[in-house]
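Here is how the chains run, residue by residue.
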Amino acid sequence: MHVFYVLFQECSKKQKNDDTQSTSVDAVSSDDGFEEKNEFDTLANAKILLSDCLACDNCMTSEEGARVFQQNQKELFRILNLNKKCDTSKHKVLAVSICPQSLPYFAAKFNLSVNDAAKRLCGFLKSLGVHYVFDTTIAADFSILESQKEFVQRYQRRNQEEHALPMFASACPGWIRYAERVLTNLVTSHICTAKSPQQIMGSLVKGYFARQQNLSPDKIFHVIVAPCYDKKLEALREDFYMALYNSQEVDCVLTSGEIVQIMEQKNVSMKDVTEVAVDSLFDEVKEGDVVRHEGKRSDGYLEHIFKHAAKELFGMDVKEITYKALKNKDFQEVTLEKDGETVLRFAAAYGFRNIQNMVLKMKKGKFLYHFVEVLACPGGCLNGKGQAQTEDGKPDKALLSQMEEVYTAIPVRLPETNLLVQKMYQDWLEGMDSKKVQETLHTKYSAVNQTASNLDIKW
């Protein structure tokens, strides 16, 4: 256990740039005593670059390190093998949820349409023994709707509450980890309380879906396929632990690249896999074509919240948003003017250098923004380090460009128009403003004691 602590202590952002460090460690085996050979034993152990963890900044305990490294392909295979044993009491229903920003990676890498990529990925996972494959877009619907509502409430309270504005997006676990472990309550009190799409999907699968299937949540093994490694850390948060069932809402996170590793090790080509329709959380509904939210590289919190706030607060219908690039392409702003006055000022800040500049301005009292969509990865979620990387760990710019083309071509669906979401608010969450909505779709973020020297890190 101690070796993980030492390695993470060495992995300080004082010592590396975003793309330079390449130290790696073997993933922890989680066979739980299984020594019997099986069809998955030939698969290699996953290796994770320490630089892949964007938020590692000396902030991981030895226990967390061990648990993160258990989230690898072998943990998935352990469950698949358990399901082949005669002891049915140990069997698990295996559900995999796929992030929307992962699908363009598979589509671009294998020269498929995004709909074909979704179906072939589903077919491959089910050929391994996965029971259900879901799309997390519906979880992002909930996250965006709750974020929109919270921003309007914060804006209306801005003169009464010191920390009401600015509001920072809460969907990126790398940013959240950095804010909690390195920054102060000056920042964490401004973070939106809406859960990320990943963790809302955890609530949907182990809450709503489990109830629909008459399953105990601990009988479901829930895997997320995501663009980045930081989501492994997010899945381990104590606030996403179901104590009654001794179960996390998300049991394991695998990156898009780790899924491709499985394909390569099994000598399977995506183009040879049988297409299987993605499953729906609702028995009576079939999942349709892939849709996305507004935003070129992410779930589009800025655009959705901006348009919603313009309508709710100022009665203005905004059709198109114009971004103004400031110091670099990863720091852009959007403004709304009414009667010659700027009434809304939003920003998108991607990458830790932009995040640090943003925080410094805030500390100096020179921060004018009402909302910031903060993402740890330069270029946004599509550029997550779990995908679109070359063998030497550098960004694959050509592939990323293809992914962006694929992603922007996906039709946009507004969260407000999803009738199934509205139905779930009433049938499952007991109304739009219920106590259950707060308990299920929201969490809290607060500063964790950390060494003061980390506040002045330069990337």
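Each value, and the rule that gives it
Residues numbered from 1 in each chain as written. Predicted model: local features only at pLDDT ≥ 70, side-chain atom pairs only at ≥ 80, totals over all residues. Heavy atoms only, no water. UniProt positions renumbered as here; feature names shortened; annotations may be inferred. Buried < 20%, exposed > 50% of the residue type's maximum accessible area, 1.4 Å probe, protein only. Helix = DSSP H or I, 4+ residues; strand = E, 2+ residues; numbered from the N terminus. Contact = heavy atoms within 4.5 Å. Pairing = 2+ DSSP bridges.

Per an unreviewed UniProt entry, the chain is named Nuclear prelamin A recognition factor, and its organism is Brachypteracias leptosomus. For the record of the chain, the UniProt heading Subcellular location (unreviewed entry) holds the text "Nucleus". According to its UniProt record, the chain has this under Sequence similarities (unreviewed entry): "Belongs to the NARF family."

Caption draft 1: Helix α11 (residues 256-265), seen in detail. Judged by how many residues are buried, α11 sits mostly within the fold: seven of 10 residues are covered. For α11, the set of buried residues is S256, G257, E258, I259, V260, I262 and M263. Where the residues of α11 are buried, they touch α3 (73-82), α4 (103-109), α5 (114-128), β6 (220-226), α10 (230-235) and β9 (252-255). One or two steps after α11, the chain reaches N267, where phi turns positive at roughly 55°.

Caption draft 2: Quick peek at the pairing of strand β3 (residues 93-98). Where burial is concerned, most of β3 is hidden: six out of the six residues are buried. Neither face of β3 is left uncovered, since the one carrying V93, A95 and S97 and the one carrying L94, V96 and I98 both have all their residues buried. Examined bridge by bridge, β3 and β6 share six bridges and lie parallel to one another. Counterpart to L94 in the pairing with β6 is F221. Alignment of β3 against strand β4 (residues 132-135), held across four bridges, turns out to be parallel.

Caption draft 3: Seen up close, unusual backbone geometry. In this chain, L165 is followed by P166 through a cis amide linkage whose omega measures 0°. In this model, D339 sits at a positive phi of 55°, which is unusual for a non-glycine residue. Within the secondary structure, D339 sits in the loop between β11 (331-338) and β12 (341-350). The phi dihedral of A388 falls on the positive side, at around 55°, and the residue is not glycine. Examined against the element boundaries, A388 turns out to sit in the loop between β13 (371-375) and α14 (397-409). What makes A388 buried here is its relative accessible area of 2%.

Caption draft 4: Expanded view of the pairing of β9. With burial as the criterion, each face of β9 is covered, one bearing C252 and L254 and the other bearing V253 and T255. With four bridges connecting them, β6 and β9 associate as parallel partners. Bridge pairing links A226 to T255 in β9.

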